[in-house]
Amino acid sequence: MASKRLSGEGGKMEKKRKKKKICFESAELSKVVEEEQVKKLVKEAWSQRSPYSQGDLELDCQPFPHCIIRNFLSSETFVEDLQKELLGLNFHEKSNDLYKFKQSDDLKKRTEPHIAGLRAALFGPFRSWLGEVLGVELESTVDISCAKYEHTDILLCHDDELEGRRVAFILYLVPPWQSSDGGTLDLYTTDSNFQPKSILKSLVPSLNTLVLFEVSPVSFHQVSEVLTQDKCRLSLSGWFHGPSLERSPRHIEPPVPRNPHLPRDETLLLEWINPVYLDIAYQEQVQGEFEDSSEIQLKDFLKEEKFREVSEVLRLNQIQWTKRGPPNKRCYEVASLDTLPQCVSACWELLHSEAFFLLLSNFTGLQLHYLCPADDDDDDDDEDEKEGNQDKEEKEDVKDVQATGSLTETSETTNEKKELSTPVCSAELRRWSHGSYTLLHDGEAARAEYALDLILPFGCADWQSEYGGFTCYVANEEDEELLTVYPEDNCLALVYRDKETLKFVKHVNQKSSSDSTCRAFYDYSFVYYE
């Protein structure tokens, strides 16, 4: 019985071995790759950071070294069959702060004959050629997958740096393509801090063209938004692995300035804010909802006439807008405060005022004003009882402020209750239009702290979620989306985030533009710290 069973298993193993055998079509590479003299000259030019061109091969070193090999595969029939095999794969939607496109699974184990043939050529002879050109030992492990970019798909500015990646490559399998179709590979210059500055060169995708570059501290690039609705930007891409290039410590941006409240009293609230939100009972209801979910959206927050006035003035040309970068972190416009018209400036003062800090305390229970009771959970029972009485008195003071509209008088009688740290805020007035976005980045994650975000949008009455421009909250180092806040006219969004929560604004795409008119909306963005 034992020998019979072993014999049977041996037969099964033989069948399994047969199934694993991969038949592939041989991928013949461009003759220019096989020429020893060309290889020698490319190696010399790459090491000296000088340009070189020979037939279908072009090496350019600005803004960073990259090589273009046209007609990379010598057989047109092979290219056509490869396209068909790739289009038959399953693709997965990929979307986050950095990109939006469709991607296949890793192609390392695909058995389709042309995919397998190309993989063998890339992993074998071409990897050897590339290693000799760069003068490094490239590992046998190569990452490779297929990507489809369609209308409004994009991959924003990044440098590709990840442990072990040495050379990035892209093989284009596109129909006839023009720069007006979008989807270009844009290469960025860098400043003295190795931060991306501006696009120096845009490579238009071309059928059967391979582009490669060394992954380095300055290899910033993007795939621009695909603007055509009729074509698919199909490509194979990945990385050859080897020793990483040495890099300087990453640049740390200076912190955004924070300021304490402006000395403005309740008359500002009465002038600007919908009266329903100044009602004590309603504030308690808001606080209860906020404490349950750490976020709330307050519709019709400003009085209608005030909101309309600010909306109309924001569309005028008297405000000076400046683009904020660098593009590997953000791209949107921010208003210069000294150019704000009176009503826009008054709204800014409202959100920055002492009275508003106190109102936010009532909405959220956070300590954004010294009249807000402290929340000391670590004290013993006696301290809790003592502080409970003090909290009760202070809560009565807060209610007195709202009832009497006399913040100044109450402040004078309670100076001794001032908190140890002064609540502060940072703020911007922003304009969002086609091409605007913010990205998650290491510096933001390192500085993450407890904070209350406030967003008050204007000019987005007909804004659709498919345009982008919405704010996403995500858990640090996780793909999980915790909350999405969509821009809505006169709807005040309040979101409390902890040290493990980050946010980004999704890229505003071409759908936001219609009839050659670029739509834009505005928002006041404030961040409050206890």
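To be clear, the structure that these remarks concern was listed above.
Scoring rules and cut-offs
Throughout, residues of each chain are indexed from 1 in the direction in which the sequence is written. Predicted model: local features are reported for residues with pLDDT of at least 70 only, side-chain atom pairs are reported and counted for 80 or more only, and whole-chain, interface and lining totals are derived from all residues. Only hydrogens and water are set aside; all other atoms, that is, all heavy atoms of the structure, feed into the side-chain values. In this text, helices come from DSSP runs of H or I with a minimum length of four residues, and strands from runs of E with a minimum of two, each type numbered from the N-terminal end. Relative accessibility under 20% of the residue-type maximum defines a buried residue, over 50% an exposed one, and the middle range a partly exposed one, all with a 1.4 Å probe and only protein chains included. Note on contacts: a residue pair is in contact if any heavy atoms of the two residues lie within 4.5 Å. In this analysis, rings of Phe, Tyr and Trp, with Trp reduced to its six-membered ring, are considered paired at centre separations within 6.5 Å, and the interplanar angle assigns stacked below 30 degrees, edge-to-face beyond 60, and tilted for intermediate values. By the criterion adopted, a ring carries a charge over it if an Arg CZ or a Lys NZ lies within 6 Å of its centre and within 35 degrees of its normal. Strand pairing is assigned whenever DSSP identifies at least 2 bridges connecting the two strands. Count a disulfide wherever a pair of cysteine sulfur atoms falls within 2.5 Å. To estimate the expected span of a helix, subtract one from its residue number and multiply by 1.5 Å. Any pair of N or O atoms that falls within 3.5 Å is considered a polar contact. Within protein, one atom must be able to donate a hydrogen and the other to accept it, and sequence-neighbouring residues count only if both atoms are side-chain atoms. Helix axes are fitted to C-alpha atoms over the stretch in contact, other axes to C-alpha atoms as well, and angles between N-to-C directions run from 0 to 180 degrees. Should an angle lie under 35 degrees it is considered roughly parallel, over 145 roughly antiparallel, and from 65 to 115 roughly perpendicular; all remaining angles are considered oblique. For this classification, the nonpolar set comprises Ala, Val, Leu, Ile, Met, Phe, Trp, Tyr, Cys and Pro, the charged set comprises Asp, Glu, Lys and Arg, and every other residue, Gly included, is treated as polar. Buried residues of nine kinds, namely Ala, Val, Leu, Ile, Met, Phe, Trp, Tyr and Cys, make up a nonpolar core once their side-chain atoms join them within 4.5 Å.

1. Observations concerning the overall build of the protein
- The helix and strand tally for the protein stands at 13 helices and 26 strands.
- Out of the 530 residues in the protein, the part that is buried amounts to 51%.
- Pairs at least 24 apart in sequence give 80% of the contacts found in the protein among residues at least 6 apart.

2. Comments concerning the packing of aromatic side chains
- Following the criterion strictly, the structure yields 23 aromatic pairs and no others.
- Summarising the aromatic geometry, the rings of Phe458 and Tyr524 are spaced 5.6 Å apart at their centres and angled 65° between planes, so their arrangement reads as edge-to-face. In this pair, Phe458 sits in strand β19 (residues 451-458) while Tyr524 sits in strand β26 (residues 520-529), placing the two residues 66 residues apart along the sequence. Like Tyr524, Phe458 is buried.
- The structure contains a cluster of three or more aromatic residues connected by ring pairs, namely Phe72, Phe126, Trp129, Phe169 and Phe240.
- Between Lys148 and the ring centre of Phe91, over which it is positioned, the NZ or CZ distance is 4.6 Å.
- Positioned above the aromatic ring of Trp272 is the side chain of Lys306, whose terminal nitrogen or guanidinium carbon lies 4.7 Å from the ring centre.

3. Overview of the pairing of strand β6 (residues 142-149)
- For β6, the buried fraction is high: seven of the eight residues fall into the buried class.
- As paired elements, strand β5 (residues 99-103) and β6 share two bridges and run antiparallel to each other. Paired with Gln103 across the bridge in β6 is Ala147.
- Judged from the eight bridges that link them, β6 and strand β13 (residues 233-241) form a sheet pairing that is antiparallel. Its bridge partner lying in β13, Ser145 is registered against Ser237.

4. Remarks on the pairing of strand β21 (residues 481-485)
- Both strand β20 (residues 471-475) and β21 contribute to a ladder of four bridges, which runs antiparallel. By the bridge assignment for β21, Val474 is matched with Glu481.
- Taking the residues between adjacent antiparallel strands as the criterion, β20 and β21 are bridged by five residues, where Glu477 takes a positive phi near 60°.

5. Structural notes on the state of the cysteines
- Counting across every chain of the model gives zero disulfides.
- Unpaired in this structure, Cys343 has its nearest cysteine sulfur neighbour in Cys347, at a distance of 8.3 Å.
- Given a relative accessible area of 0%, Cys347 falls into the buried group.

6. Points about helix α4 (residues 76-87)
- The terminal C-alpha atoms of α4 lie 17 Å apart, and with twelve residues this matches the ideal 16 Å at 1.5 Å per residue to within 8%.
- Residues of α4 that are buried make contact with α5 (113-134), β6 and β13.
- With a side-chain oxygen lying 3.4 Å from the backbone nitrogen of Thr77, the N-terminal cap of α4 falls on Ser75.

7. A short note on the packing of helix α9 (residues 342-352) against helix α10 (residues 354-364)
- Interaxial distance between α9 and α10 falls to 5 Å at its minimum, and their mutual angle equals 50°. Accordingly, the angle class assigned to the pair α9 and α10 is oblique. Counting all contacts with α9, which are made through Leu350, Leu351 and His352, the residues of α10 involved are Glu354, Phe356 and Phe357.
- For the contact of α9 with α10, a count of residues per class yields four nonpolar, one polar and one charged.

8. Considerations on the side chain of Asp453
- Mapped onto the fold, Asp453 is located in strand β19.
- Taking the relative accessible area as the measure of exposure, Asp453 reaches 2% and is therefore buried.
- Within polar-contact distance, the side chain of Asp453 engages the side chain of Lys503 at 3.3 Å.
- The residues contacting Asp453, other than those within four sequence positions of it, are Tyr473, Ala493, Leu494, Val495, Arg497, Lys503, Phe526 and Val527.

9. Some details on unusual backbone geometry
- Look at the link from Gln62 to Pro63: it is a cis peptide, with omega at 5°.
- With respect to the secondary-structure elements, Pro63 resides in the loop between β2 (57-60) and β3 (66-69).
- Although it is not a glycine, Thr152 sits at a positive phi angle of roughly 70°.
- Relative to the helices and strands, Thr152 resides in the loop between β6 and β7 (154-158).
- By relative accessible area, which is 3% here, Thr152 ends up buried.
- Despite not being glycine, Asn208 shows a phi value in the positive range, around 65°.
- Looking at where Asn208 falls in the secondary structure, it is placed in the loop between β10 (196-203) and β11 (209-214).
- Accessibility expressed as a relative area gives 7% for Asn208, which makes it buried.

10. Here we look at the nonpolar core
- Core analysis: the largest hydrophobic core is formed by 48 residues, its most contacted members being Ile69, Leu73, Leu86, Phe126 and Leu236.
- Considering each element in turn, this core owes the most residues, ten residues, to α5.
- Not counting the four nearest positions on each side in its chain, Phe126 is found in contact with Leu29, Val33, Ile69, Phe72, Ala121, Leu210, Leu212 and Phe240.
- Core analysis: the next-biggest nonpolar cluster, separate from the first, contains 47 residues, Tyr277, Ile296, Ile319 and Phe357 among them.

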